[in-house]
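Structure at a glance
Residue strings, one per chain:
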Amino acid sequence: GVCLGCMASTPRAKLGDVRTTNEEFKALDEDGQAWWMHEACMEKGDINDYFGGQKEYTRAKQAASEVEAEKVKLQQQEWAQIQAVYQATQVAGELRQSLAVMPVEQLRQHLFSRGLPHIDLIDKDALLQRALQQLANVPPAVQVEA
């Protein structure tokens, strides 16, 4: 039988290039031509028979390689985003901690260096609140939850 779930999730390196979909298998079954086997179990001519010739097999193999390369690329991009968020989270947490222990004058300098108004603020809690608000207003690509 054909386990379509296994076929969809098993890497090409393990299962081989010969794949089918539920729709394809049903269409072939209607014509009495449905069959499938592991590539490793096939004899020399079975692959060509399955794909309809060597050229078709080569095209199918190339298409599968392109799909697999795209999946790898997307996984790498996702991993890079996860790493960026993790690093930003660490930086934001460290900045929050350092803001919390800064003396009043240093908090004023911090706000001034970022162009944030602070003359209206007198006590440390208000200065700290403004600095933390600025941290919360970091653009979404850099902003993280603490």
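Along each chain, the written sequence defines residue order, and numbers are assigned to residues from 1. For a predicted model such as this one, the threshold for reporting local features is a pLDDT of at least 70, and the threshold for listing and counting side-chain atom pairs is 80 or more; totals across whole chains, interfaces and linings nevertheless cover every residue. Neither water nor hydrogens contribute to the side-chain values; these are computed over all heavy atoms in the structure.

Thoughts on the overall build of the chain
Scanning the chain from N- to C-terminus turns up seven helices and zero strands. Secondary structure elements follow DSSP: runs of H or I of four or more residues count as helices, runs of E of two or more count as strands, with numbering from the N terminus. Traced from its N-terminal end to its C-terminal end, the chain shows the element sequence α-α-α-α-α-α-α. Here the C-alpha radius of gyration of the chain, 29 Å, is well above what a compact globule of 146 residues would show, namely 15 Å. Over its C-alpha atoms, taken along the principal directions, the chain stretches across nearly 85 × 25 × 20 Å. With a 1.4 Å probe rolled over the protein chains alone, any residue whose accessible area is under 20% of its type maximum counts as buried; one over 50% counts as exposed, and the rest are partly exposed. A buried classification covers 23% of the 146 residues belonging to the chain. Note on contacts: a residue pair is in contact if any heavy atoms of the two residues lie within 4.5 Å. In the chain, the proportion of contacts linking residues at least 24 apart, taken out of those at least 6 apart, comes to 34%. Taken over C-alpha atoms, the radius of gyration is set against a globule rule of 2.2 Å times the number of residues to the power 0.38.

Examining helix 7 (residues 124-136)
By this rule, a helix spans an expected 1.5 Å times one less than how many residues it contains. Over its 13 residues, helix 7 extends 18 Å from the first C-alpha to the last, a length consistent with the 18 Å expected when each residue adds 1.5 Å. Residues of helix 7 that are buried include every one of Leu127, Leu128, Arg130, Ala131 and Leu135, and no others. Along the axis of helix 7, the buried residues cluster in a sector spanning 160°; they form a single face. Contact partners of the buried residues in helix 7: helix 5 (54-101) and helix 6 (104-113). The directions considered for the arc run from the helix axis to the C-beta atoms.

Digging into the packing of aromatic side chains
Aromatic pairs are defined between Phe, Tyr and Trp rings, using the six-membered ring for Trp, whenever the two ring centres lie within 6.5 Å; interplanar angles under 30 degrees are classed as stacked, those over 60 as edge-to-face, and all others as tilted. Counted by the stated rule, this structure contains two aromatic pairs. Plain terms: the ring middles of Tyr50 and Phe51 are 5.2 Å apart, the flat faces sit at 80° to each other, and that makes the pair edge-to-face. We classify Tyr50 as buried; its relative accessible area is 14%. Aromatic pair Phe51 and Tyr57: ring centres 5.2 Å apart, planes at 45°, arrangement tilted.

Side note on the layout of surface pockets
In the cavity and pocket records, a cavity denotes points on a 1 Å grid over the protein atoms alone where a 1.4 Å probe fits but cannot get out, a pocket denotes an open set with protein on both sides within 12 Å along at least 5 of 7 lines, and lining residues are residues with an atom within 4 Å of a point. Grid points are joined across faces, edges and corners, and a volume is the space filled by probe spheres set on the points. Taken as a whole, the largest pocket holds about 610 Å³ of empty space. Met7, Asp17, Arg19, Thr20 and Ala64 are, among the 25 residues lining the largest pocket, the residues nearest its centre. Of all the secondary structure elements, the ones that give two or more residues to the lining of the largest pocket are helix 1 (4-9), helix 3 (22-30), helix 4 (46-51) and helix 5. For the lining of the largest pocket, the element with the most residues is helix 5, which contributes five residues. Class assignment for the residues of the lining of the largest pocket results in eleven nonpolar, seven polar and seven charged. When residues are sorted by character, Ala, Val, Leu, Ile, Met, Phe, Trp, Tyr, Cys and Pro go into the nonpolar class, Asp, Glu, Lys and Arg into the charged class, and all the rest, Gly among them, into the polar class.

Notes on the pattern of salt bridges
Think of a salt bridge as a Lys or Arg side-chain nitrogen and an Asp or Glu carboxyl oxygen that are within 4 Å of each other. All chains considered together, the criterion is met by two salt bridges. Of the charged contacts, one joins Glu105 and Arg108 as a salt bridge, the two residues approaching to 3.7 Å between their closest N and O atoms. Residue Glu105 and its partner Arg108 are located together in helix 6, separated by three residues, close to a single helical turn. With its nearest N and O atoms 3.3 Å apart, the salt bridge here joins Arg130 to Asp120.

As far as function goes, none of this settles anything; it's purely spatial.
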